[in-house]
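Here are the chains, one letter per residue:
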2 protein chains.
Amino acid sequence: TMGSRRRLLLVSNSTLHGGTYLAHCQDHIRAFLGEQVKRVLFVPYALHNRDAYAKTAREKFESLGYGMDSIHESSNPVEAVRKSEAIFVGGGNTFRLLKALYDNGLITEIRKRVLEDGTPYIGSSAGTNVATISVNTTNDMPIVYPPSLSALGLVPFNINPHFLDPDVNSKHMGETREQRITQYHEELDTPPVLGLREGSLLLVEGDKATLLGVTGARLFMRGKAPTEHMPGEKFSFLLMDS
Amino acid sequence: TMGSRRRLLLVSNSTLHGGTYLAHCQDHIRAFLGEQVKRVLFVPYALHNRDAYAKTAREKFESLGYGMDSIHESSNPVEAVRKSEAIFVGGGNTFRLLKALYDNGLITEIRKRVLEDGTPYIGSSAGTNVATISVNTTNDMPIVYPPSLSALGLVPFNINPHFLDPDVNSKHMGETREQRITQYHEELDTPPVLGLREGSLLLVEGDKATLLGVTGARLFMRGKAPTEHMPGEKFSFLLMDS
Ligand SMILES: [Ca+2]
Ligand SMILES: [Ca+2]
């Protein structure tokens, strides 16, 4: 099938409270990339200051033993994807990120590299949102207007990163995260949404998906009650459409 | 000028913690609509269950002495706007609301009625977002894709309803509201954003704007430090472009 070579590491959040950038998932990143990958292509489009963002990411990946090129430093972003050994799409604003992927003509090329060539893809937060079928369940503010909410479609479902349980002590009247996802599922033909709590990651290898990290996930399916899932659980059934 | 007849009551939130639907702003609504208005046209598009939503709104407005028609019960929504004495656009999901306004061809007609005819407009939460120049600063999840993020443009700036100060005790790593608005202002040519806390309202009469309610507001202008504003303060300078 299309996704048989696919390898994805989809992280909920780049920084865990009290930790440093990517510290909570650095062992997973190393295990995922392994010894064979030497250089990683970074996509910093989700933040405004791409130079500063690339510096932060580069320092971290170099400390893990990987070289890093940032796509914004390339005169030909499509070619940079074509030649990449592995791709890391960082977090920030999902709308800004997705619009830049479209504006630079990268949607088709990244899909091809990941699904056909098996190029490893790491996404964090917004980088996880754009890896899924659409960005309909991002938490971000729509600060720019992308040409579509359809995303890379590396998996056939949605993820809600930074998933947050209701705060029973809050006096704020905005919708809870669960209410927002429920509103999404009021729309026809909407796919499952995996709520990845901060500290959680999803590892996708071909047609297998495994929940990693320590905080678990909550799964929302249209017309069904949500279900709780523990680290180590398999989500391969969510990949069946792809 | 275009906005000289305009009369808007833009409410941050429909329900305040511990209160009932519209209770915290009912005196403002009565003062705004006055004795002359007999019936209000309700726009329930922001919630999925329009019948239930219209029932809630109708009960509240009837208790205040106003009849209410819901636009979703009309076979001709444009005509319903054309004949309306006053318009109330309720909260819910901003993307769903804006898409339905476009799908029903209502953007031009509501603009015309409010800006040219002086038809009173009340918006709450999502209904406040769509009253502004665009929905770029909504808090809602993009569960559907409207044809544009441009909105009714009844005022030439943005509002962030349910504005929330940073929670210093939170361990959640998602962006604070202020960080999100700052990201918006990293984009070129972005207008001011008025952060309306829950319990706040903005009254717009022609070229005058006044902050009402009890909780105040925080104003964000591109390239400037944010400023705090108290109930009773005038925001007329924000209307100068219209
Ligand atoms: Ca984000
Ligand atoms: Ca809302």
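Please read these numbers as outputs of a predicted model, since none were measured by experiment. (Residues numbered from 1 in each chain as written. Chains lettered and ligands numbered in written order. Predicted model: local features only at pLDDT ≥ 70, side-chain atom pairs only at ≥ 80, totals over all residues. Heavy atoms only, no water.)

Asks: Mind laying out the pairing of strand β3 (residues 67–70) of chain A, listing which residues take part and the relevant values?
Replies: All names here are of chain A. Where strand β2 (residues 39–43) and β3 come together, 4 bridges link them in parallel fashion. Opposite Leu41, over in β3, you have Asp69 as the bridge partner. As for the winding sense of the linkage, the β-α-β connection from β2 through helix α2 (residues 50–63) to β3 is right-handed. (Pairing = 2+ DSSP bridges. Helix = DSSP H or I, 4+ residues; strand = E, 2+ residues; numbered from the N terminus. Right-handed = clockwise from strand over helix to strand, strands pointing away.)

Asks: Give me the sheet that holds strand β1 (residues 7–11) of chain B: which residues, what numbers.
Replies: All names here are of chain B. Across the sheet, which stays open at both edges, the 7 strands sit in the order β3-β2-β4-β5-β1-β8-β9 with mixed pairing between neighbours. Because the sheet does not close on itself, it has two edges, and the strands there are β3 (67–70) and β9 (208–213). Along the sheet, successive strands turn relative to each other by an average axial angle of 20°, direction set aside. Relative to strand β4 (residues 87–89), strand β2 (residues 39–43) runs parallel, the two being bridged by 3 bridges. Bridge pairing in β4 links Phe42 to Phe88. (Axes fitted to C-alpha atoms, helices over the stretch in contact; angles between N-to-C directions.)

Asks: Could you give me a rundown of the interface of chain A and chain B, with the residues and numbers involved?
Replies: Contacts between the two partners involve 41 residues from chain A and, on the opposite side, 41 residues from chain B. Between chain A and chain B, the buried area comes to about 3,500 Å², and carbon and sulfur atoms account for 56% of it. Of all residues in chain A, Met141, Tyr145 and Met173 of chain A bury the most surface against chain B, accounting for 20% of the area lost on that side. For the pair chain A and chain B, the number of links is 6 salt bridges. As a salt-bridge pair, Arg96 of chain A and Glu186 of chain B come within 2.8 Å of each other at their nearest N and O atoms. On inspection of chain A and its partner chain B, the count reaches 20 residue pairs in polar contact (both at pLDDT 80 or more). Broken down by secondary-structure element, the contributors of at least two residues to the side of chain A that touches chain B are α4 (94–103), β6 (158–163) and α7 (177–185) of chain A. Per element, the largest residue contribution to the side of chain A that touches chain B is 5 residues, and it comes from α7 of chain A. (Contact = heavy atoms within 4.5 Å. Buried area = accessible area lost by both parts, 1.4 Å probe. Salt bridge = Lys/Arg side-chain N within 4 Å of Asp/Glu carboxyl O. Polar contact = N/O pair within 3.5 Å; in protein donor to acceptor, adjacent residues only side chain to side chain.)

Asks: Go over the coordination of the calcium ion (ligand 2) with me, naming the residues and quoting the values.
Replies: The coordination sphere of the calcium ion (ligand 2), as far as protein atoms go, consists of Glu175 of chain A (OE), Glu175 of chain A (OE), Gly92 of chain B (O), Asp140 of chain B (OD) and Asp140 of chain B (OD), spread over 2.3 to 3.1 Å. Of this pair, Gly92 of chain B sits in the loop between β4 and α4 (94–103) while Asp140 of chain B sits in the loop between α6 (126–129) and β6 (158–163), placing them 48 residues apart in sequence. Classification of Gly92 of chain B as buried rests on a relative accessible area of 8%. Residue Asp140 of chain B is classed as buried on the basis of its relative accessible area, which comes to 8%. (Donors = N, O, S within 2.8 Å, 3.2 Å for Na, K, Ca; no water. Buried < 20%, exposed > 50% of the residue type's maximum accessible area, 1.4 Å probe, protein only.)

Asks: Pulling in residues and values, what's your account of the sheet that holds β6 of chain A?
Replies: Residue and element names in this part refer to chain A. Pairing is mixed in the open sheet, where 4 strands are placed in the order β6-β7-β10-β11. The outermost strands of the open sheet, each flanked by one partner alone, are β6 and β11 (227–229). When strand polarity is set aside, the average angle formed by the axes of neighbouring strands in this sheet is 25°. Packing of α7 onto the sheet brings it into contact with β6, β7 (193–197) and β10 (217–220), and relative to β6 it is tilted by some 165°.

Asks: Got a sec to walk through the relation of the copies chain A and chain B? Specific residues and values, please.
Replies: One copy of the chain maps onto the other through a rotation about an axis followed by a shift along the same axis. Expressed as a screw operation, the relation of chain A to chain B combines 0.0 Å of axial shift with a rotation of 180°, fitting to an RMSD of 0.0 Å. In the structure described here, the two chain copies are related by an operation that fits a two-fold rotation axis. A shared interface surface links the copies, since 100% of the contact residues of chain A are contact residues in chain B too. (Least-squares fit on C-alpha atoms with pLDDT ≥ 70 in both.)

Asks: An account of the packing of aromatic side chains is needed here, citing residue identities and associated values.
Replies: All names here are of chain B. Enumeration according to the criterion identifies 11 aromatic pairs over all chains in this entry. Aromatic side chains Phe61 and Phe88 sit 5.1 Å apart centroid to centroid with 35° between the ring planes, which places their arrangement in the tilted category. Of the two residues, Phe61 is situated in helix α2 (residues 50–63) and Phe88 in strand β4; the sequence distance between them amounts to 27 residues. Using a relative accessible area of 0% as the deciding quantity, one classes Phe61 as buried. Phe88 gets classed as buried once you look at its relative accessible area, which sits at 0%. Look at Phe163 and Phe220: their rings are 5.7 Å apart centre to centre, the planes differ by 55°, and that puts the pair in the tilted class. With Phe163 in strand β6 and Phe220 in strand β10 (residues 217–220), this residue pair connects regions lying 57 residues apart in the sequence. (Phe/Tyr/Trp six-rings, centres within 6.5 Å; stacked < 30°, edge-to-face > 60°.)

Asks: Explain helix α1 (residues 26–33) of chain A residue by residue, including any values.
Replies: All names here are of chain A. Taken as a whole, α1 has its buried residues at Ile29, Phe32 and Leu33. Buried residues in α1, looked at end-on, bunch into an arc of 85°, giving them a common side. Projecting away from the buried face of α1 at angles above 90 degrees are the exposed residues Asp27 and Ala31. Considering only its buried residues, α1 is in contact with β1 (7–11), β2, α2, β5 (121–124) and β8 (200–205). Looking at the residues trailing α1, positive phi occurs at Gly34, about 70°. (Arc of directions from axis to C-beta.)

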